[in-house]
Amino acid sequence: SSSHSPHSAKALSGLNFRMASATFSLSTEAKLTSPNLRNVKTQLRNAAPTRAFVRTHSNFQSTFRLNPKCASRQQNKTRTMSRSPPALHAVIAPQVLAAAKDPKETTVLVVGATGYIGKFVTKELVARGYNVVAVAREKSGVGGKKSPGDVERECEGARVVLGNVQDKDSTEAAFAAAGGKVDVVVSCMASRTGGIKDSWDIDYLATKNVLDVAKAAGVSQFVLLSAICAQKPLLTFQKAKLQFEEYLKASGMTYSIVRPTAFFKSLGGQVTSVQGGGPYVMFGDGQLAACKPISERDLASYMADCIEDPTLQNQMLPIGGPGEAMTALQQGQMLFKLLEKEEKFIKVPIEIMTGAIKVFDVLASVFGGLTDAAEFAKIGKYYAAESMLVLDTETNEYRADLTPSYGNDTLEGFFKKCIEEGMDGQELGDAAVFGQK
C-alpha cells in the first residue's frame with residue numbers, strides 16, 4: 001500500500017497473512033527484534049488458532065474468541081462481526097505498536113467518565129491494567145449531584161482530575177494534571193437532553209475541544225462513543241455527532257468511531273410500571289422499528305478492545321448486542337412473559353407525534369423558548385419509527401444481518417435483573433420518557 005510508512009513496511013515484510021486458509025500466521029523467518037514488535041508478534045501468534053474469516057455473500061463474517069485479561073470479565077466472550085477484512089497496512093502501523101505495549105505503560109484519559117457508559121468504560125480500562133485518568137466536573141453526574149469524592153469512589157483505580165471540557169484552558173490543565181504523556185483519549189461524552197444548543201455545545205464543540213488539546217499534547221489515538229443513528233442524521237444531536245466524526249477522521253490521529261445501537265437502560269423505562277400492573281406503551285403496532293440492544297458492560301469492553309485491536313482502528317464501528325433484533329412488541333411480550341402477566345398494550349398512533357411536531361414548530365417560530373420542545377418531539381418520533389440497525393445505503397433499509405453483535409449480556413437477562421432487584425442505577429435523568437427518573 002502506498003500509505004505504508006517506511007517502518008511499517010519493513011515490519012510488514014516479515015508477515016504472511018493466509019486469509020484463504022481462514023487463519024493468519026507469522027512467517028518463521030520474520031525478525032522482529034524490538035520489544036514492541038515482539039509483543040505484536042506474540043499477539044498475532046496467540047490469535048492465530050482462533051481467528052477466522054469466512055466468506056458469506058458479499059461480506060466477510062469473522063468470529064473471534066477472546067480471552068481478555070480483565071478481572072471484571074473472567075468468562076470468554078464471543079463476538080460476531082459482519083465486515084470486510086481490514087487493510088493489511090493497519091496491522092503494524094506505528095500507532096498500533098504503541099497500543100501493543102503493556103497496559104501499565106499506556107495512559108488513557110477518559111472524558112465523560114461519570115456518564116452512564118463512561119463509568120463502565122473507566123472501570124473496564126482500570127480492570128485491564130491501564131493507567132486511567134478520569135476527567136470530571138466539580139459537580140457531575142445526573143443533575144450534577146456527584147461531588148469529586150463521589151467520582152473518586154466510583155472511579156476507583158483511576159486518577160480523577162477536575163476540568164471543564166467546554167473550556168480550552170481547563171481542558172489543557174486536565175491533560176497537564178494527568179501526570180505524564182497521555183497515549184489514548186476515550187470520549188464518552190454526549191449531550192444530556194438532545195436539545196439544540198446542548199447538542200452543538202457537547203457533541204461537537206466540547207468533543208472537538210478535547211481532540212484539539214489531545215492532538216497538541218501528542219496523543220496518538222482517539223476512541224469515540226457516537227451513536228448508530230448518526231448514519232441517518234435528521235436530528236440536531238445526530239448532525240453534531242456526524243460533524244465531529246468527520247473532524248476526527250480528518251485529524252490524522254488513529255481513531256475508532258463506535259456507533260452502538262440501543263442501550264438496555266433506554267428499553268427498561270417501563271419495567272416498573274408493567275410490573276405494577278400497568279400497560280406496555282408502544283407506537284403503532286409496535287413493529288415500526290427494531291434494535292439489537294447492547295449492555296453497558298459489553299459496550300465498555302468493546303470500546304476497550306478498540307485500544308488494543310488493530311482491526312478496530314481507523315474504522316466506523318456499528319455494534320449491537322447478542323441475539324436477534326427485537327421490535328417494541330417483542331420487547332413488551334418478553335416482559336409480560338417474565339412477569340407471568342397477561343399482555344396489555346397501549347398502541348399510540350405515530351400520527352400523534354407528527355401532529356405534535358407541527359404544533360411545536362409553529363409555537364417555536366413565535367416563542368423561541370419552545371425550540372427544544374419541538375426538537376424533543378422529533379426525537380420521540382425518530383426513535384419510534386427508525387430502527388437502531390445498520391442502514392443499507394443501496395436499499396435504504398435497516399438490516400439486522402449487517403449489524404454486528406458483541407458480548408454475552410441479553411435484554412432478557414437485563415429485564416430479569418430489573419424485576420428482581422429494581423431499577424436502581426438505571427436512571428435516565430434528562431432522557432427519561434415513561435416516568436423513569
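In case you missed it, the structure is sitting above this.
Residues numbered from 1 in each chain as written. Predicted model: local features only at pLDDT ≥ 70, side-chain atom pairs only at ≥ 80, totals over all residues. Heavy atoms only, no water.

Q: Got a sec to walk through the overall build of the protein? Specific residues and values, please.
A: Tallying secondary structure elements over the protein gives 14 helices and 19 strands in all. Here the protein, with 437 residues, has 48% of them falling under the buried criterion. For the protein, restricting intrachain contacts to residue pairs at least 6 apart in sequence, the fraction spanning at least 24 positions comes to 74%. (Helix = DSSP H or I, 4+ residues; strand = E, 2+ residues; numbered from the N terminus. Buried < 20%, exposed > 50% of the residue type's maximum accessible area, 1.4 Å probe, protein only. Contact = heavy atoms within 4.5 Å.)

Q: Give a description of the side chain of Glu124 that names residues and reports values.
A: Inspection of the secondary structure puts Glu124 in helix α4 (residues 118–127). Within polar-contact distance, the side chain of Glu124 engages the side chain of Arg128 at 2.9 Å. (Polar contact = N/O pair within 3.5 Å; in protein donor to acceptor, adjacent residues only side chain to side chain.)

Q: Got a sec to walk through α4? Specific residues and values, please.
A: An α-helical segment advances 3.6 residues per turn. Residues three or four places apart therefore align on the same side. Along α4, the positions that sit buried rather than exposed are Gly118, Lys119, Val121, Thr122, Glu124 and Leu125. Against the buried residues of α4 lie β6 (107–111), β7 (131–136), α5 (148–154), β9 (184–187) and α10 (296–308). Immediately beyond the C-terminal end of α4, within one or two residues, lies Gly129, with a positive phi of roughly 95°.

Q: Any details on the pattern of salt bridges? Residues and values, ideally.
A: The full count for this structure, using the stated rule, is 14 salt bridges. With a closest N to O distance of 2.5 Å, Arg259 and Glu245 form a salt bridge. In this pair, Arg259 sits in strand β11 (residues 254–260) while Glu245 sits in helix α8 (residues 236–249), placing the two residues 14 residues apart along the sequence. Exposure remark for Arg259: the relative accessible area of 10% places this residue in the buried category. (Salt bridge = Lys/Arg side-chain N within 4 Å of Asp/Glu carboxyl O.)

Q: A description of the packing of helix α12 (residues 350–366) against helix α13 (residues 371–385) should follow, citing residues and the corresponding values.
A: Here α12 crosses α13 at 160°, and the two axes come no closer than 8 Å. One way to sum up the angle between α12 and α13 is to call them roughly antiparallel. Pair α12 / α13 crosses with left-handed handedness. Every residue of α13 that contacts α12 at Ile350, Met353, Thr354, Ile357, Phe360, Asp361 and Ala364 is listed here: Thr371, Ala373, Ala374, Ala377, Lys378, Gly380, Lys381 and Ala384. Tallied by class, residues from the contact of α12 with α13 come to 9 nonpolar, 3 polar and 3 charged. (Axes fitted to C-alpha atoms, helices over the stretch in contact; angles between N-to-C directions. Parallel < 35°, antiparallel > 145°, perpendicular 65-115°, else oblique. Left-handed = near helix turned anticlockwise from the far one by under 90°. Nonpolar A, V, L, I, M, F, W, Y, C, P; charged D, E, K, R; others polar.)

Q: Report on the sheet that holds strand β14 (residues 315–319), specifying residues and quantitative values.
A: Here 7 strands make up an open sheet; going across it, the order is β8-β7-β6-β9-β10-β11-β14 and the pairing parallel. Single-partner strands in this sheet number two, and they are β8 (159–162) and β14. Recorded for the sheet is a direction-independent mean angle of 20° between the axes of neighbouring strands. Note: β11 against β14, 5 bridges, orientation parallel. From the neighbouring strand, Ile257 faces β14, where its bridge partner is Met316. (Pairing = 2+ DSSP bridges.)

Q: Which residues make up the packing of aromatic side chains, and what values go with them?
A: Scanning all chains against the criterion turns up 10 aromatic pairs. Taking 5.3 Å as the distance between ring centres and 45° as the angle between the ring planes, the aromatic pair formed by Phe264 and Phe414 counts as tilted. With Phe264 in the loop between β11 and α9 (271–275) and Phe414 in helix α14 (residues 411–421), this residue pair connects regions lying 150 residues apart in the sequence. Their ring planes at 80° and their centres at 5.4 Å tell us that Phe336 and Phe345 sit as a pair that is edge-to-face. A relative accessible area of 2% places Phe336 in the buried class. For Phe345, a relative accessible area of 23% translates into the label partly exposed. Ring-pair connections join several aromatic residues into one group, and the members of that group are Phe222, Phe244 and Tyr247. Seen from the ring of Phe120, Lys123 lies directly overhead, with NZ or CZ sitting 5.5 Å from the centre. (Phe/Tyr/Trp six-rings, centres within 6.5 Å; stacked < 30°, edge-to-face > 60°. Lys NZ or Arg CZ within 6 Å of the ring centre and 35° of its normal.)

That is the geometry; function is a separate question.
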